[in-house]
Amino acid sequence: MDLPAKFWAEQDFLGGRAARSFVVVLRTIGCRWRRCTMCGYWQESGTPQSPEALVRQFEFAIRKLKGRCYAEPPEILKIYTSGSFFDDDELPPAVRAEILDRAAELGVRKVVVESRPEFITPERVRACVEHSENLEVAIGLETSDDFIREKFINKGFSLKDFLRAAKVVKGEGASLRTYLLMKPPFLSERAALEDVVRSARAVAFSDVISLNLCNVQRNTFLEKLWQERCYRPPWLWSAVEALKRIKEFYRGVLISDPVGAGSQRGPHNCGRCDRKIAAAIRRFSVTQDLNVLAEPTCDCMEHWLKILGLEELTFCVVPD
Ligand code: SF4
Ligand SMILES: [Zn+2]
């Protein structure tokens, strides 16, 4: 089967402006860990693929995207696997090199890949940097707090592991993108807000920080909590507040794509303002202009402010 798991076009921020970006999610054997409480990406993985089939998946996605989305080629190419780009069992080294060579032929200005820290070694990163002038490695740290990451997310690595991998990435001349998770399970709205701001401060050396707003994926532990009404995805107001506060001290590129915004499973406010707040967050991500976050308002902001205070006094989620 030579079909990738997913592919789409989006915008990102590069060189001071919005940039065309292609995202390709290759279907590999998937993440080796697959135990994070909020993650259902293992459902996108498949049977082992031959090196040729993996490259064909990539070619298929690029062909479709070129025909469908833009007359001009992408400036950023994100090559994901719902796992780790540097895991040799997912993508053998020769496949990584081949795909990066093809990305270079497209003339992209930046390639973004993702990996857990344990697969990030100087040799693997160096080999890829040789095939890609402007490589960015994204690591899902989620939070700088080891307790939250271990007990609530079950991520399976420590801040120390992340820092080692980050040093390797930077040391080999690649740039670093750090994912932070807004509202892991078992945190109140306020605690989640404080956690993500604190985490951004701890990883402010990252070239890009991506604030990932937690959404409820199917067949996950988080879904069970959500069904039991013990979890509510973050308010979009919390995301806006976090972006404003992080931007005060962070000099790198700060982005957030509110996936599933407005749905009960995704980050949401009252239902009336979700669309415009999500649009403002997306606009901020491709402009870095804080003014766009100040524009939209809604009565539900009062309700959100109350929840920030009230939830600390309860033992479960305050309903909408
Ligand atoms: S490491 Fe990433 S892909 Fe693997 S289970 Fe955790 S969140 Fe999912
Ligand atoms: Zn509202």
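Residues numbered from 1 in each chain as written. Chains lettered and ligands numbered in written order. Predicted model: local features only at pLDDT ≥ 70, side-chain atom pairs only at ≥ 80, totals over all residues. Heavy atoms only, no water.

*Asks:* Is there a simple way to explain the site of ligand 1 in this structure?
*Replies:* Every residue lining ligand 1 is accounted for by Cys31, Arg34, Arg35, Cys36, Cys39, Ser82, Arg116 and Lys155. Tallied by class, residues from the shell around ligand 1 come to 3 nonpolar, 1 polar and 4 charged. (Near = heavy atom within 4 Å. Nonpolar A, V, L, I, M, F, W, Y, C, P; charged D, E, K, R; others polar.)

*Asks:* For this particular structure, what's the right way to read the coordination of the zinc ion (ligand 2)?
*Replies:* In an ideal tetrahedron of four donors about a metal, each angle is 109.5 degrees. In an ideal octahedron of six donors, the angles are 90 or 180 degrees. In this structure, Cys270 (SG), Cys273 (SG), Cys298 (SG) and Cys300 (SG) serve as the protein donors to the zinc ion (ligand 2), at separations of 2.2 to 2.3 Å. Bound by 4 donor atoms, the zinc ion (ligand 2) shows angles of 102 to 114° at the metal and therefore tetrahedral coordination geometry. Judged by relative accessible area, cysteine 270 falls into the partly exposed class, the value being 31%. (Donors = N, O, S within 2.8 Å, 3.2 Å for Na, K, Ca; no water. Tetrahedral: all angles 85-135°; square planar, octahedral: opposite > 155°, others 65-115°. Buried < 20%, exposed > 50% of the residue type's maximum accessible area, 1.4 Å probe, protein only.)

*Asks:* Please clarify how the sheet that holds strand 8 (residues 253–255) should be interpreted in this entry.
*Replies:* In sheet architecture, strand pairing relies on hydrogen bonds along the backbone and comes in two forms, parallel and antiparallel. What the 8 strands build is an open sheet, ordered 1-2-3-4-5-6-7-8; its pairing is mixed. The two strands at the open ends of the sheet, each matched to only one other strand, are strand 1 (6–14) and strand 8. Going across the sheet, the axis of each strand differs from the next one's by a mean of 25°, ignoring polarity. Taken together, the 6 bridges between strand 5 (residues 135–142) and strand 6 (residues 175–182) define a ladder with parallel strand orientation. Note that in strand 6 the partner of valine 137 across the bridge is leucine 176. Contacts between helix 1 (residues 51–68) and the sheet are confined to strand 1, strand 2 (17–25) and strand 3 (76–80), with strand 2 contributing the most and set at about 140° to the helix. (Pairing = 2+ DSSP bridges. Helix = DSSP H or I, 4+ residues; strand = E, 2+ residues; numbered from the N terminus. Axes fitted to C-alpha atoms, helices over the stretch in contact; angles between N-to-C directions. Contact = heavy atoms within 4.5 Å.)

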